[in-house]
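Descriptive structure summary
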Amino acid sequence: MELKKVEVAYKDIVLPEGGANEEFLAALRDRLKAMEAAGEEAMLVPLAQAEECKNTDAALELTAAYKHCARRVKDCACVKGFEIPAVFANMERGAELAENFKAELLEKHPHYTFG
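Residues numbered from 1 in each chain as written. Predicted model: local features only at pLDDT ≥ 70, side-chain atom pairs only at ≥ 80, totals over all residues. Heavy atoms only, no water.

Quick word on helix α3 (residues 56-72)
Owing to its 3.6 residues per turn, the α-helix brings residues three or four apart onto one side. Here is the rule: Secondary structure counts use DSSP, requiring at least four H or I residues in a row for a helix and at least two E residues in a row for a strand, with both numbered from the N terminus. Helices are assigned an expected span. That span is 1.5 Å times one less than the residue count. Think of it in three bands: residues with accessible area under 20% of the maximum for their type are buried, residues over 50% are exposed, and the middle band is partly exposed, with areas taken using a 1.4 Å probe on protein chains only. By definition, residues are in contact when any of their heavy atoms lie within 4.5 Å. Pairs of N or O atoms within 3.5 Å make up the polar contacts considered here, provided that, within protein, one atom can donate a hydrogen while the other can accept it, and that residues adjacent in sequence are counted only when both atoms are side-chain atoms.
Taking 1.5 Å as the rise per residue, α3 with 17 residues should run 24 Å; its terminal C-alpha atoms sit 24 Å apart, in good agreement. For α3, the complete set of buried residues consists of A58, A59, L62, T63, A65, Y66, K67, H68, C69 and A70. Tucked inside the fold, the buried residues of α3 contact β1 (3-9), α1 (10-13), α2 (22-37), β2 (41-47), β3 (79-82) and α4 (94-106). For α3, the N-terminal capping position is held by N55, with its side-chain oxygen 3.1 Å away from the main-chain nitrogen of D57.

Spelled out as structure tokens, the structure:
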């Protein structure tokens, strides 16, 4: 079965004043549950702009946000994993940040794969 890519923008999961956008995450969960009911499988694709992830601390905050996202959709069996945030590729220590992203999400979701 082909995995459908579901883009999840960082700006949608984090509120401007900080904290998680639980309303958006609930809607994402509903969307994924509908995909699951239709027999579809999903790969979540983090989207972040370079200005949202301009240093290591920001990259770690981004990872924490997607870890929270993963917790909110943990009961969606259709989610097979996450792509590594593309923004990491152009960052100093990008490979290390990508490995940290995987490790953080695998902590509670050992079945996830990463693209």
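There is more to say after this.
Quick look at the packing of aromatic side chains
Put simply, the rule reads: Under the pairing criterion, centres of Phe, Tyr and Trp rings, with the six-membered ring standing for Trp, must be within 6.5 Å; the plane angle then separates stacked pairs below 30 degrees from edge-to-face pairs above 60, leaving the rest tilted.
In the structure shown here, the tally under the stated rule is seven aromatic pairs. Where F88 meets F101, the ring centres are 6.2 Å apart and the plane angle is 80 degrees; that geometry is what we call edge-to-face. Taken together, the residues span a long stretch of sequence, with F88 in the loop between β3 and α4 and F101 in helix α4 at a distance of 13 residues. Residue classification places F88 among the buried residues on the basis of a relative accessible area of 1%. With relative accessibility at 0%, the residue F101 sits in the buried group.

Brief notes about the side chain of K67
Within the secondary structure layout, K67 lies in helix α3. Polar side-chain contacts of K67 include one of 3.1 Å to the side chain of E107. Leave out the neighbours within four places in its chain, and K67 touches E104, L105 and E107.

Brief notes about the packing of α3 against α4
The following threshold applies: Fitting a line to C-alpha atoms yields each axis, with helices limited to the stretch in contact; the angle taken between N-to-C directions then spans 0 to 180 degrees. Roughly parallel covers angles under 35 degrees, roughly antiparallel covers those over 145, roughly perpendicular covers 65 to 115, and oblique covers all other angles. Note on convention: the crossing is left-handed when the near helix lies turned anticlockwise from the far helix by less than a right angle, right-handed when the turn is clockwise. For this classification, the nonpolar set comprises Ala, Val, Leu, Ile, Met, Phe, Trp, Tyr, Cys and Pro, the charged set comprises Asp, Glu, Lys and Arg, and every other residue, Gly included, is treated as polar.
Two elements in contact, α3 and α4, have axes whose closest approach is 10 Å; the angle formed by their N-to-C orientations is 25 degrees. Considering their axes alone, α3 and α4 lie roughly parallel with respect to each other. Crossing of α3 over α4 shows right-handed handedness. In this structure, α3 uses T56, A59, L60, T63, Y66, K67 and A70 to contact α4, whose residues at the interface are L97, N100, F101, E104 and L105. Here the contact of α3 with α4 is built from residues that sort into seven nonpolar, three polar and two charged.

Some thoughts on unusual backbone geometry
Phi at R93 is positive, roughly 65 degrees, even though this residue is not glycine. Judged by relative accessible area, which is 43%, R93 ranks as partly exposed.

Concerning the environment of F24
Topologically, F24 is positioned in helix α2. By relative accessible area, which is 24% here, F24 ends up partly exposed. It is 6.7 Å that separates the C-alpha atoms of F24 and D12, two residues lying 12 residues apart in sequence. Once residues lying within four places of it in the same chain are set aside, the contact partners of F24 are V8, D12 and I13.

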